[in-house]
Amino acid sequence: MSLIEQAAKRLEELRRAGAEVGDGTAGAGSADPASREPERIPTPEAALHELNARRSVAGPSMRTEGRTEARPEPIARPPVATTDRHAPVRVELDLERLKAQGLVTPDVPRSQIADEFRVIKRPIVRNAFGRAGTRVANGNLVMVTSALPGEGKTFTAINLALSIAMELDTTVLLVDGDVAHPDFAKRLGTRNSPGLLELLTRDDLEVGDVLVRTNIDNLSIIPAGVLHHRATELLASEQMAILLRELATRYPDRMIVFDSPPLLATTEARVLATHMGQIVMVVAADDTRQRDVELALSMIENCGVVLMVLNKADKTDVGAYYGYYGDEPRSA
Ligand SMILES: Nc1ncnc2c1ncn2[C@@H]1O[C@H](COP(=O)(O)OP(=O)(O)O)[C@@H](O)[C@H]1O
Ligand SMILES: [Mg+2]
């Protein structure tokens, strides 16, 4: 059965279970929840379809706006929330595929790229979890950004997360926050499923509902989610600030690596930066004009710790970490 057929079958099941799935028929959601069939795990396709259907009824909006709608809430709650809570999504990352893209993999701990990211991650991990003198406030929230698109943010964010995941006793949550240009599905071979944007727009979802576990023990992922016309704007929302606080404090020994939009392309990336404990600024060597780098740095000058990564440089210093910008924390 094709994915589309599977999704169609699942949608039919959802319909029978009383969920509104966007065929324009009002009142499907008025079914008594107690009389529903037991909920089944929807496929990501079905969940996305159902989500879109909800939006087409209630209108795309942040949850606060949803509450002010005159129209009654269409359904009690979509099945994805409760079912996912009991059955977290898990994906098998294809390590060969990652290697072919120059990404770090746990089975080759001594490659050149692994060594480079070992150097890059060291101060970041120390700032997050080091002894009191070296610890940075919210240091486990790490934003990877750059002045412009194409400088290597996603490459760096994924490698940094994989490298940290290889540390003992440190778990990593890798978040696709470049919501207007989500890239994780293509890079990691995962399917796009509900993620960050749904967490920011739906009050029935929790982090655990969209979190994707992987075959790399310490690594989980939050995908960007379904493209939303206000996607980037949502990054600067109050919901985002609340979510980041929750992520930073729920598991203090977990590192959150946030792939982000470029600083010069959106104003929201600057707002996002203000919530982060550490910022990794990727600069494409020989590519980005100094003026752009300086302008981007000026936008995050109030952020505590900024580390720079020189990317795509000569073989001798590809990915080379070359220092702090701004307030350098005291070294351990
Ligand atoms: N150090 C690197 N070595 C090899 N390829 C790289 C490196 N950094 C980035 N790339 C490649 O350059 C392209 C742009 O990088 P990407 O991470 O997608 O940029 P961004 O996320 O900033 O838009 C991608 O094809 C990526 O695989
Ligand atoms: Mg990217």
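Caption draft 1: Seen up close, the site of ligand 1. By nearness alone, 12 residues border ligand 1, and G150, K153, F155, R187 and N311 come closest of all. Within the contact set of ligand 1, an oxygen atom lies 2.5 Å away from a side-chain nitrogen or oxygen of R187. N311 has a polar side-chain atom sitting 2.7 Å from a nitrogen atom of ligand 1. For ligand 1, the accessible surface in isolation is 560 Å², of which the surrounding protein chains cover 69%. Taken together, the residues that form the shell around ligand 1 break down as 3 nonpolar, 4 polar and 5 charged.

Caption draft 2: Region of interest: the environment of V179. Structurally, V179 can be placed in the loop between β3 (171-176) and α8 (184-188). On the basis of relative accessibility, which here comes to 1%, the residue V179 falls in the buried class. When the C-alpha positions of V179 and L197 are compared, they lie 7.6 Å apart, and in sequence the two are 18 residues distant. In this structure V179 touches L196, L197, A224, L227, A231, T232 and L235, once residues within four positions along its chain are discounted.

Caption draft 3: View of the side chain of T190. With respect to the helices, strands and loops of the structure, T190 is situated in the loop between α8 and α9 (196-201). Look at T190 and you get buried, because its relative accessible area is 16%. With residues up to four places along the chain from it excluded, the contact list for T190 reads V91, L93, F184 and A185.

Caption draft 4: Main features of the pairing of strand β5 (residues 219-222). The two faces of β5 match: L219 and I221 on one face and S220 and I222 on the other face are all buried. As paired strands, strand β4 (residues 212-214) and β5 are joined by 2 bridges and run antiparallel to one another. Directly across from R213, in β5, lies its bridge partner S220. In this antiparallel pair of consecutive strands, β4 and β5, the connection spans 4 residues.

Caption draft 5: Helix α6 (residues 112-129), seen in detail. For α6, spanning 18 residues, the distance from its first C-alpha to its last is 26 Å, which sits close to the expected 26 Å at 1.5 Å a residue. Along α6, the sharpest change in direction is near 30° and occurs at K121; proline P123 comes one to four residues later. Turning to α6, its buried residues are I113, A114, E116, F117, R118, I120, K121, P123, I124, V125, N127 and A128.

Caption draft 6: Spotlight on unusual backbone geometry. The backbone of D169 shows a phi angle near 65°, a positive value even though the residue is not glycine. By the secondary structure assignment, D169 is in the loop between α7 (153-165) and β3.

Caption draft 7: Just α7, in detail. When the terminal C-alpha atoms of α7 are compared, their 18 Å separation across 13 residues agrees well with the 18 Å that a helix rising 1.5 Å per residue should span. Taking burial as the measure, the 13 residues of α7 include 12 buried ones, the bulk of the element. Every buried residue of α7 is accounted for by K153, T154, T156, A157, I158, N159, L160, A161, L162, S163, I164 and A165.

Caption draft 8: Quick peek at the pairing of strand β6 (residues 254-259). Across the 6 residues that make up β6, a large majority, 6, are buried. Direction of pairing for strand β2 (residues 141-146) relative to β6: parallel, over a ladder of 4 bridges. Among the inter-strand pairings, L141 is bridged to a residue of β6, identified as I256. Here 6 bridges tie β3 to β6, and the two strands are oriented parallel to one another. Residue pairing for β6: V172 is matched across the bridge by M255.

Thresholds applied
- Residues numbered from 1 in each chain as written.
- Chains lettered and ligands numbered in written order.
- Predicted model: local features only at pLDDT ≥ 70, side-chain atom pairs only at ≥ 80, totals over all residues.
- Heavy atoms only, no water.
- Near = heavy atom within 4 Å.
- Polar contact = N/O pair within 3.5 Å; in protein donor to acceptor, adjacent residues only side chain to side chain.
- Areas by Shrake-Rupley, 256 points an atom, 1.4 Å probe, with all protein chains shown as cover.
- Nonpolar A, V, L, I, M, F, W, Y, C, P; charged D, E, K, R; others polar.
- Helix = DSSP H or I, 4+ residues; strand = E, 2+ residues; numbered from the N terminus.
- Buried < 20%, exposed > 50% of the residue type's maximum accessible area, 1.4 Å probe, protein only.
- Contact = heavy atoms within 4.5 Å.
- Pairing = 2+ DSSP bridges.
- Expected span 1.5 Å × (residues − 1).
- Bend = angle between axes of the 7 residues up to and from the residue.

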